Amino acid sequence: MLFINTRPIDRAASLTMALEQQAVEVYPLPLLELLPRAWSHDLERLYQQLVYTQVIVVVSPSAVQFGMAHLLQSGLTVSDLQHIQWIAVGQKTAQALAEYGLGSVVPEVETSEGMLQLPVLQNLASDASIAFWRGEGGRQFMMDTLMQHGRLILNFVLYERRCPNETMQQQAELIQCLSEHNHYVALISSEASWLNWLALLDSNIQLLQQGHFLVLGERLAQILKQYQQQMHVPFKMSVLKDLKTATIVQLLQSEQGNA
């Protein structure tokens, strides 16, 4: 089996190691890299409002890293935010917050839909203020849903996401590798990573038909299904509830057992 590990470099190692121990051939291909936004007047204004918010939603360990770095620039301290309810999209993000002494709640399904089902959001007052520590383009669905219910959103865009230059330079090598395999499995964790994958295949879209895509959450799965229908390109897909190494390894073992 050929597995395309599309996780960012700093989060890919444990999955690659676990799969290689299962004799799976792993091709590392990070589809996203995160670049911090510079300090700005907009961020300064948002941080000044932060102590008055009821909830802070943090979407990644990188959002913790960049958000805390800007917190120092704002003149606030972590103790100023201890009274706020923190929501982490996943366990890795919760661990990053815990390093600052901050507890958080984590949804069972690590997606926007999973977070929206959390009681802390379900039971908020209608005029509650919710801050998002996120990257450009991330969690827009969740913010839109909360705004439709009258919540005030503080939108902290802390970093930008792009396809790494090194990955783009691997395009020809990737196409050659996929062409040499009848079947491959690729991890797709966001709409941005899916779009970057399509850009890499470019004029070799037929290679999608050899793929089995592990996608995070039902909403992302719907995006891929719509692409299938519009482009008439069949491929296999499985839905993940989280990006834990154990979850991915277990799914692949199950697939191999059914093959």
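- The name given to the protein in an unreviewed UniProt entry is Uroporphyrinogen-III synthase, with Acinetobacter johnsonii as the source organism.
- The annotation that UniProt attaches to the protein under Sequence similarities (unreviewed entry) is "Belongs to the uroporphyrinogen-III synthase family."

## Let's talk about the sheet that holds strand β7 (residues 152-162)
Argument step 1. On the basis of which strands lie adjacent, the open sheet formed by five strands has the order β3-β7-β6-β4-β5 and mixed pairing. Both outer strands of the open sheet, β3 (33-36) and β5 (85-88), are each paired with one neighbouring strand and no more. Averaged over all pairs of adjacent strands, the angle between strand axes in this sheet comes to 25°, irrespective of strand direction.
Argument step 2. Relative to β7, strand β6 (residues 129-135) runs parallel, the two sharing seven bridges. Pairing of Phe-132 across the sheet is with Asn-155, part of β7.
Argument step 3. Relative to the sheet, helix α2 (residues 41-50) contacts β4 (55-58), β6 and β7, its axis offset from that of β7 by approximately 135°.
Argument step 4. Packing of helix α3 (residues 61-74) onto the sheet brings it into contact with β3, β4, β5, β6 and β7, and relative to β7 it is tilted by some 110°.

## With respect to the packing of α3 against helix α4 (residues 91-98)
Argument step 1. Remark: α3 packs on α4, axes separated minimally by 8 Å, with the N-to-C direction vectors making an angle of 25°. Between α3 and α4, the angle is such that the two are roughly parallel. Judged by residue contacts, Pro-61, Val-64 and Met-68 of α3 engage Lys-92, Thr-93, Ala-96 and Leu-97 from α4.
Argument step 2. Considered class by class, the residues forming the contact of α3 with α4 number five nonpolar, one polar and one charged.

## Brief notes about the pattern of salt bridges
Argument step 1. Per the stated rule, a full pass over the model turns up five salt bridges.
Argument step 2. For the salt bridge of Asp-42 with Arg-45, the shortest nitrogen-to-oxygen distance reads 4.0 Å. Highlighted residues: Asp-42 and Arg-45, both in helix α2, separated by three residues, approximately one helical turn.
Argument step 3. For Arg-45, a relative accessible area of 43% gives the class partly exposed.
Argument step 4. The partner of Glu-113 in a salt bridge is Arg-219, with the nearest N and O atoms 3.2 Å apart. Taken together, the residues span a long stretch of sequence, with Glu-113 in helix α5 (residues 112-116) and Arg-219 in helix α11 (residues 218-231) at a distance of 106 residues.
Argument step 5. Glu-113 gets classed as partly exposed once you look at its relative accessible area, which sits at 28%.
Argument step 6. Three or more residues are tied together by salt bridges with common partners; here these are Arg-37, Glu-136 and Glu-160.

Rules and cut-offs
Residues numbered from 1 in each chain as written. Predicted model: local features only at pLDDT ≥ 70, side-chain atom pairs only at ≥ 80, totals over all residues. Heavy atoms only, no water. UniProt positions renumbered as here; feature names shortened; annotations may be inferred. Pairing = 2+ DSSP bridges. Helix = DSSP H or I, 4+ residues; strand = E, 2+ residues; numbered from the N terminus. Axes fitted to C-alpha atoms, helices over the stretch in contact; angles between N-to-C directions. Contact = heavy atoms within 4.5 Å. Parallel < 35°, antiparallel > 145°, perpendicular 65-115°, else oblique. Nonpolar A, V, L, I, M, F, W, Y, C, P; charged D, E, K, R; others polar. Salt bridge = Lys/Arg side-chain N within 4 Å of Asp/Glu carboxyl O. Buried < 20%, exposed > 50% of the residue type's maximum accessible area, 1.4 Å probe, protein only.

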